[in-house]
Amino acid sequence: MDKRAAVVNIVKGQYRNCQVIDMGRALLLIPPADGRYGMLPLEAMISLSESCYRSERTLQQEVTIQMSGSTRALPDTSQQVLNVLGFDGTAQRTAQEAEPPEVFLRFGVMTEATEVAKLYYSKQTILKIVPPRYATDMQIILKVRSNEESEVLTKLMRKAVGRRHRKCVCSNARVRGYSYIFGVVRIAQEFMAVRDRVEYYWELVNNPSPSWQDQRKFINCWMAGVDFK
């Protein structure tokens, strides 16, 4: 088995619920049709050093870390996104519990699907994952518990995202007792502060330094159930 095939097989094992397509310079992850992880395909770059191929264990570890770091949705700790979208008050009023929905963010660039990609799925757009500072678009994921709240917030998400000229791809499929609502917006001026703050969490997840292991563990536990798998 060649090196590239080995990498693709590792990713397929890591993302068993997704269809994994080798695009040459990147890997395309197509989520399951039931919508539990949204309906937007993700394009993730993977860059490995020659030393990673010296042992199967090292290669497995490096591929897993890189893919988890790039595809993981990060928390909006201040809930500022709800305020920018204009329905934070509604979200709180519809919640059955005394806390608003959790908000998670994934950053990238919306691109047209290539001819190769269209062979595998019918969607016309892909979110190419990049670090927040390079992103032009942002996928917003709301995590809610109640069905009533999910229905209200799905309608609000469609309306809010529609004003920003990005097609809203929502799903309220339940995962581990929660519903996840997905939408994509262009990063306009009002989202700049959100993007800059989340850049810090991106560094926590993706920084290879051993001294950051505790922080990465914290983020990973925080994000349990929201990772793109």
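The model shown is predicted, which means the values in this text are computed figures rather than measured ones. (Residues numbered from 1 in each chain as written. Predicted model: local features only at pLDDT ≥ 70, side-chain atom pairs only at ≥ 80, totals over all residues. Heavy atoms only, no water.)

Here we come to the overall build of the protein. Secondary structure assignment for the protein yields eight helices and nine strands. Here the contacts in the protein between residues at least 6 apart in sequence split such that 64% fall between residues at least 24 apart. For the protein, the computed accessible surface area is about 11,600 Å², with 49% contributed by carbon and sulfur atoms. (Helix = DSSP H or I, 4+ residues; strand = E, 2+ residues; numbered from the N terminus. Contact = heavy atoms within 4.5 Å. Areas by Shrake-Rupley, 256 points an atom, 1.4 Å probe, with all protein chains shown as cover.)

On to the packing of aromatic side chains, then. This model, assessed by the stated rule, comprises one aromatic pair. Here Tyr 200 and Tyr 201 contribute two aromatic rings whose centre-to-centre distance is 5.4 Å and whose plane-to-plane angle is 75°, an arrangement assigned as edge-to-face. (Phe/Tyr/Trp six-rings, centres within 6.5 Å; stacked < 30°, edge-to-face > 60°.)

Quick look at the confidence of the model for the protein now. Residues with a pLDDT of 70 or more make up 80% of the protein, whose mean pLDDT is 78. Looking at the elements of the protein, mean pLDDT is at its lowest for helix H4 (residues 88–94), recorded as 58, and at its highest for strand E3 (residues 42–45), recorded as 92. (pLDDT = per-residue confidence, 0-100.)

Turning our attention to the side chain of Gln 139. Examined against the element boundaries, Gln 139 turns out to sit in strand E7 (residues 137–144). For Gln 139, a relative accessible area of 2% corresponds to the buried category. Of the polar contacts made by the side chain of Gln 139, one reaches the side chain of Arg 106; its length is 2.4 Å. (Buried < 20%, exposed > 50% of the residue type's maximum accessible area, 1.4 Å probe, protein only. Polar contact = N/O pair within 3.5 Å; in protein donor to acceptor, adjacent residues only side chain to side chain.)

You can see Arg 16 is positioned in the loop between helix H1 (3–14) and strand E1 (19–22). Taking the C-alpha atoms as reference points, Arg 16 and Pro 32, 16 residues apart in sequence, are found 9.6 Å from one another. Within the structure, the side chain of Arg 16 is placed 3.2 Å from the backbone oxygen of Gly 13, a separation counted as a polar contact.

Right, let's talk about the pairing of strand E2 (residues 26–30) for a bit. Most of E2 sits out of view: five of its five residues are buried. Burial along E2 is two-sided: Ala 26, Leu 28 and Ile 30 facing one way and Leu 27 and Leu 29 facing the other are all buried. In this structure, E1 lies alongside E2, joined through four bridges in antiparallel fashion. Directly across from Val 20, in E2, lies its bridge partner Leu 29. (Pairing = 2+ DSSP bridges.)

Moving on, we come to the packing of H1 against helix H2 (residues 56–71). Look at H1 against H2: their axes get within 10 Å of each other, and the N-to-C directions meet at 60°. Between H1 and H2, the interaxial angle falls into the category oblique. Where H1 crosses over H2, the handedness of that crossing is right-handed. On the side of H1, the interface is formed by Ala 6, Val 7, Ile 10, Val 11 and Gln 14, while H2 contributes Leu 59, Gln 60, Val 63, Thr 64, Met 67 and Ser 68. Here the contact of H1 with H2 is built from residues that sort into seven nonpolar, four polar and no charged. (Axes fitted to C-alpha atoms, helices over the stretch in contact; angles between N-to-C directions. Parallel < 35°, antiparallel > 145°, perpendicular 65-115°, else oblique. Left-handed = near helix turned anticlockwise from the far one by under 90°. Nonpolar A, V, L, I, M, F, W, Y, C, P; charged D, E, K, R; others polar.)

Counting 35 residues, the largest nonpolar core has Val 81, Leu 85, Leu 105, Met 138, Ile 140, Leu 142 and Phe 191 as the members making the most contacts within it. With near-sequence residues (within four places) excluded, Leu 142 lies in contact with Leu 82, Phe 87, Glu 102, Val 103, Leu 153, Met 157, Ser 179, Tyr 180 and Ile 181. Cys 18, Val 20, Leu 27 and Ala 44 belong to the second-largest nonpolar core, a separate cluster that totals 17 residues. (Core = buried A, V, L, I, M, F, W, Y, C linked by side-chain atoms within 4.5 Å.)

Helix length check: H2, at 16 residues, gives a terminal C-alpha distance of 22 Å against a target of 22 Å (1.5 Å per residue), a fit within 8%. The complete set of buried residues in H2 reads Leu 59, Val 63, Gln 66, Met 67, Ser 68, Gly 69, Ser 70 and Thr 71. Turning to H2, the residues buried within the fold contact H1, E2, E3, strand E5 (102–112), strand E6 (125–129) and helix H7 (192–206). (Expected span 1.5 Å × (residues − 1).)

The subject of this paragraph is the side chain of Glu 199. The topology assignment puts Glu 199 in helix H7. For Glu 199, a relative accessible area of 13% puts it in the buried group. A distance of 2.5 Å separates polar atoms of two side chains, one belonging to Glu 199 and the other to Arg 133. Apart from the residues lying within four places of it in its own chain, the contact partners of Glu 199 are Pro 131, Pro 132 and Arg 133.

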